[in-house]
Amino acid sequence: MKAKMLVLAAVIVGIIACNANANNETKKVVLKTELDSVSYAIGQSIGLNLKNDKLDEMNLDAFLSGIRNSFGSDKDTLINREKAGELINAYLMKQQNKAGSANLEEGNKFLEANKSKEGVKVTASGLQYKVIKEGDGAKPLATNRVKVHYHGTFIDGKVFDSSVERGQPAEFPLDRVIPGWTEGLQLMSVGSKYIFYIPANLAYGPNGPGEIGPNRTLVFEVELLDILK
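Here's a quick rundown of the structure. (Residues numbered from 1 in each chain as written. Predicted model: local features only at pLDDT ≥ 70, side-chain atom pairs only at ≥ 80, totals over all residues. Heavy atoms only, no water.)

## Some words on the side chain of T182
Stage number 1. Secondary-structure assignment places T182 in helix α6 (residues 179–185).
Stage number 2. A polar atom in the side chain of T182 sits 2.7 Å from the backbone oxygen of L174.
Stage number 3. Residue contacts for T182: discarding those within four places in its chain leaves A142, L174, D175 and V177. (Helix = DSSP H or I, 4+ residues; strand = E, 2+ residues; numbered from the N terminus. Polar contact = N/O pair within 3.5 Å; in protein donor to acceptor, adjacent residues only side chain to side chain. Contact = heavy atoms within 4.5 Å.)

## Focus: the pairing of strand β5 (residues 170–173)
Strand residues, when the strand is regular, have side chains that alternate between the two faces of the sheet.
Stage number 1. Going residue by residue along β5, you find A170 and F172 tucked away on one face and E171 and P173 left uncovered on the opposite face.
Stage number 2. As defined by bridge partners, strand β3 (residues 145–154) adjoins β5 across 4 bridges and the pair is classed as antiparallel. Bridge pairing in β5 links V146 to F172. (Buried < 20%, exposed > 50% of the residue type's maximum accessible area, 1.4 Å probe, protein only. Pairing = 2+ DSSP bridges.)

## Here we look at the pattern of salt bridges
Stage number 1. Tallied over the entire structure, the rule returns 7 salt bridges.
Stage number 2. For the salt bridge of K133 with E223, the shortest nitrogen-to-oxygen distance reads 3.6 Å. You can see K133 sitting in strand β2 (residues 128–133) and its partner E223 sitting in strand β7 (residues 218–228), a full 90 residues away along the chain.
Stage number 3. D161 is the partner of R166 in a salt bridge, and the nearest nitrogen-oxygen pair spans 2.6 Å.
Stage number 4. For D161, a relative accessible area of 26% corresponds to the partly exposed category. (Salt bridge = Lys/Arg side-chain N within 4 Å of Asp/Glu carboxyl O.)

## Considerations on the pairing of β2
Stage number 1. When strand β1 (residues 120–122) meets β2, the two strands line up antiparallel, connected through 3 bridges. In the strand pairing of β2, V122 is matched with Q128.
Stage number 2. Where β1 hands over to β2, the hairpin turn is made up of 5 residues, of which G126 adopts a positive phi near 105°.
Stage number 3. Sheet analysis places β2 next to strand β6 (residues 193–198), joined by 5 bridges and oriented antiparallel. From the neighbouring strand, V131 faces β6, where its bridge partner is Y194.

## Focus on unusual backbone geometry
Stage number 1. The backbone phi angle of N215 is positive, close to 55°, even though this residue is not glycine.
Stage number 2. Within the secondary structure, N215 sits in the loop between β6 and β7.

## Digging into the packing of aromatic side chains
Working definition: an aromatic ring pair is given by the centre-to-centre distance plus the angle between the planes.
Stage number 1. All chains considered together, the criterion is met by 9 aromatic pairs.
Stage number 2. Judged by centre distance (5.3 Å) and plane angle (80°), the rings of Y150 and W181 are edge-to-face. Pair noted here: Y150 is in strand β3 and W181 is in helix α6, with a separation of 31 residues, a long-range link. In terms of burial, Y150 and W181 fall into one category: buried.
Stage number 3. Consider the rings of Y150 and F220, whose centres lie 6.3 Å apart with planes at 65°: the pair is edge-to-face. With a gap of 70 residues between them, Y150 in strand β3 and F220 in strand β7 connect regions that are remote in the sequence.
Stage number 4. Here Y150 falls in the buried class, since its relative accessible area comes to 9%.
Stage number 5. Overall, F220 belongs to the buried group, its relative accessible area being 4%.
Stage number 6. Put simply, the rings of Y150, F154, F160, F172, W181 and F220 touch in pairs and so form one group of aromatic residues.
Stage number 7. For the cation-ring pair, R216 lies above F154, with the distance from its terminal atom to the ring centre recorded as 3.9 Å. (Phe/Tyr/Trp six-rings, centres within 6.5 Å; stacked < 30°, edge-to-face > 60°. Lys NZ or Arg CZ within 6 Å of the ring centre and 35° of its normal.)

## Thoughts on the nonpolar core
One recurring pattern in soluble globular proteins is that nonpolar side chains are buried together.
Stage number 1. One finds V148, W181, L185, I198 and F220 to be the most contacted residues of the largest nonpolar core, which totals 26 residues.
Stage number 2. When residues of this core are traced back to their parent elements, those giving at least two are β3, β5, α6, β6 and β7.
Stage number 3. With 5 residues, β7 is the largest single contributor of residues to this core.
Stage number 4. If near-sequence neighbours (up to four positions away) are discounted, F220 is found in contact with Y150, H151, G152, F160, I178, W181, Y194, I195, F196 and I198.
Stage number 5. Grouped together as the second largest cluster of nonpolar side chains are 5 residues, L111, V120, Y197 and V219 included. (Core = buried A, V, L, I, M, F, W, Y, C linked by side-chain atoms within 4.5 Å.)

## Concerning a nonpolar patch on the surface
Stage number 1. The grouping of V29, L31 and Y40 at the surface amounts to a nonpolar patch, some 280 Å² of accessible area in total.
Stage number 2. Positionally, Y40 belongs in helix α2 (residues 34–50). (Patch = residues over 30% accessible without salt bridge, like charges linked within 9 Å, V, L, I, M, F, W, Y side chains within 5 Å. Areas by Shrake-Rupley, 256 points an atom, 1.4 Å probe, with all protein chains shown as cover.)

This is the structure we're talking about:
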């Protein structure tokens, strides 16, 4: 709970900083002391790391009032701490569900159009794939450990993870990754390169980490380099 509170607070502070800047309301400060500089550095770090995070709406006056009251006694607060935690968790869940529904709809539209494209095949689970290069080595089992190169993007082409860009192949047990990978890589022979179009339910579902977010359809170009002993 504490971690969630800190994350939400950081997101809100970042958004407020952006809103203030957009409205030309940023108050110019003078950094006179070490504490001034540290305070500014913390705010700057939060803003830089979280400026891409968004909340649909924010009552700036209410937020600032909550900050001020939190430094007083409990009797000064309009909402007690337990209730505040419940409100925040409910709001976060609401926002996650909203984003998840939008991502799912967008992904389903993409997959519906993609499945009829030349070279794209669809498995019984709904996994879509396209063969770029067919190898002639062995095929892995779900119990095997494999070595691969991969390039992961969203359906709009934005890269979110790539061993190719890092220049370092990945190694992992095939039964410890997302279902789309576990299924898809078992179709491949060593030396093959495929593109996987992975529906949300075969990827991270509603609990997608970080930038991925809930119910994202993901696209991976994967090259199976080896089956490890």
